[in-house]
Amino acid sequence: MSAPSAVVSGLQAALLLARGRSEGMRHIDNDLRVAARSFWAAGVALPAFLCLRLLDWAADGLPPHPGHAWALDLLFYVIGWAGYAVLSRPLVAALGRAQHWPRFITVWNWCNVVQYLLLVVAGIPLLLGVPDWVDQTTSLVALGWALWLEWFAARVALNVSGFAALGMVVLDIALGLLLSGVTGALLAS
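Residues numbered from 1 in each chain as written. Predicted model: local features only at pLDDT ≥ 70, side-chain atom pairs only at ≥ 80, totals over all residues. Heavy atoms only, no water.

### Some thoughts on the overall build of the chain
Along the backbone of the chain there are seven helices and zero strands. The order of α-helices and β-strands along the chain, N terminus first, is α-α-α-α-α-α-α. Taking 189 residues into account, the globule formula puts the C-alpha radius of gyration at 16 Å, and the chain, at 17 Å, falls close to it. The principal-axis extents of the C-alpha atoms in the chain amount to approximately 45 × 35 × 35 Å. (Helix = DSSP H or I, 4+ residues; strand = E, 2+ residues; numbered from the N terminus. Rg over C-alpha atoms; globule rule 2.2 N^0.38 Å.)

Listed below in structure tokens is the structure:
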């Protein structure tokens, strides 16, 4: 499968899953080569990630050293993306689903693109100057949908219980909070 067709297939799967349609899994093969190619999703999602940073800066003002902050954000973006893949593999094995990890990480990668897009769209009301309650409601709905999508994709890709899928989401959140804390500490020093 070529890189463009892998991108299209991955995005089709993620968009179907985002609508609660488990047939999105038909677009994903359980193969390590497919899983490796799915890391193109990090590049596809990068503009949305950068847009989120710009939205943060529009709301909160520029950090004292924007170039330094930008570089740290990019570094921890890569570390977080790759780090989750590394950390998820033994957790998936502990769930007795090691054979499904390639499909899981492929789906996780492509669902991240949709999650980032949801969060960017949720940031638009802030730029439009809508009342705080509209902005906050939009953000809450987008964040809830993004977390639900990750949970649903994990449950379907690994064929596990909702509780086990929650564990995969908690791992992602914990890693993100850790990296965010390190970023904040480095920027404060």
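Having seen it, we continue.
### Some words on the layout of surface pockets
The method is simple in principle: a probe with the dimensions of a water molecule rolls over the atoms, and the space it marks as empty is what remains. Put simply, the largest pocket is a space of about 1,400 Å³. What lines the largest pocket is a set of 42 residues, and nearest its centre among them are Phe49, Leu52, Arg53, Tyr116 and Leu119. Elements supplying a minimum of two residues to the lining of the largest pocket: helix H3 (40-60), helix H4 (66-94), helix H5 (101-128), helix H6 (132-158) and helix H7 (162-188). With ten residues, H7 is the largest single contributor of residues to the lining of the largest pocket. Class assignment of the residues belonging to the lining of the largest pocket gives a composition of 25 nonpolar, ten polar and seven charged. (1 Å grid on protein atoms, 1.4 Å probe; cavity = no way out; pocket = protein on both sides within 12 Å on 5 of 7 lines; lining within 4 Å. Points joined across faces, edges and corners; volume = space filled by probe spheres on them. Nonpolar A, V, L, I, M, F, W, Y, C, P; charged D, E, K, R; others polar.)

### Regarding helix H1 (residues 3-18)
For H1, with 16 residues, the first-to-last C-alpha span of 22 Å sits near the 22 Å given by 1.5 Å per residue. For H1, the full list of buried residues reads Ala6, Val7, Ser9, Gly10, Ala13, Ala14, Leu16, Leu17 and Ala18. Where the residues of H1 are buried, they touch helix H2 (32-37), H3, H5 and H6. Of the residues flanking the end of H1, it is Gly20, one or two places downstream, whose phi is positive at about 80 degrees. (Expected span 1.5 Å × (residues − 1). Buried < 20%, exposed > 50% of the residue type's maximum accessible area, 1.4 Å probe, protein only. Contact = heavy atoms within 4.5 Å.)

### Observations concerning the side chain of Thr106
Among the secondary structure elements, Thr106 is positioned in helix H5. Here Ala35 takes part through its backbone nitrogen, which lies 3.5 Å from a polar atom of the side chain of Thr106. Thr106 has contacts with Ile28, Val34, Ala35 and Ser38, leaving out every residue within four places of it along the chain. (Polar contact = N/O pair within 3.5 Å; in protein donor to acceptor, adjacent residues only side chain to side chain.)

### A word on the nonpolar core
The tendency in soluble globular proteins is for nonpolar side chains to be buried side by side. Among the nonpolar cores identified, the biggest contains 49 residues, and Leu17, Trp81, Tyr84, Phe104, Ile105, Val107 and Tyr116 are the most heavily contacted of them. Among the elements of the structure, H1, H3, H4, H5, H6 and H7 are those that each provide at least two residues to this core. With twelve residues, H5 is the largest single contributor of residues to this core. Those residues in contact with Phe104 that sit more than four places away from it in its chain are Tyr84, Ser88, Val92, Ala154, Ala157, Leu158 and Met168. (Core = buried A, V, L, I, M, F, W, Y, C linked by side-chain atoms within 4.5 Å.)

### Looking at the environment of Asn30
When you line up the elements, Asn30 lands in the loop between H1 and H2. Note on Asn30: relative accessible area 37%, which makes it partly exposed. As a C-alpha pair, Asn30 and Arg53 span 23 residues in sequence and 33 Å in three-dimensional space.

### Things to note about the confidence of the model for the chain
For the chain, per-residue confidence averages 94 on the pLDDT scale, and residues scoring 70 or more make up 99% of the total. Across the chain, H6 holds the top mean pLDDT of 96, while H1 sits lowest at 91. (pLDDT = per-residue confidence, 0-100.)

### Regarding the packing of aromatic side chains
The geometry of an aromatic ring pair comes down to the distance between the two centres and the angle between the two planes. For the coordinates displayed, the defined rule picks out ten aromatic pairs. Summarising the aromatic geometry, the rings of Phe49 and Tyr77 are spaced 4.4 Å apart at their centres and angled 35 degrees between planes, so their arrangement reads as tilted. Taken as a pair, Phe49 in helix H3 and Tyr77 in helix H4 lie far apart in primary sequence, 28 residues in all. By relative accessible area, Phe49 is classed as buried at 5%. Judged by its relative accessible area of 7%, Tyr77 is buried. Put simply, the rings of Phe49, Tyr77, Trp81, Tyr84, Phe104, Trp108 and Tyr116 touch in pairs and so form one group of aromatic residues. Here the guanidinium or amino end of Arg89 rests over the ring plane of Trp101, the centre of that ring lying 4.6 Å away. (Phe/Tyr/Trp six-rings, centres within 6.5 Å; stacked < 30°, edge-to-face > 60°. Lys NZ or Arg CZ within 6 Å of the ring centre and 35° of its normal.)

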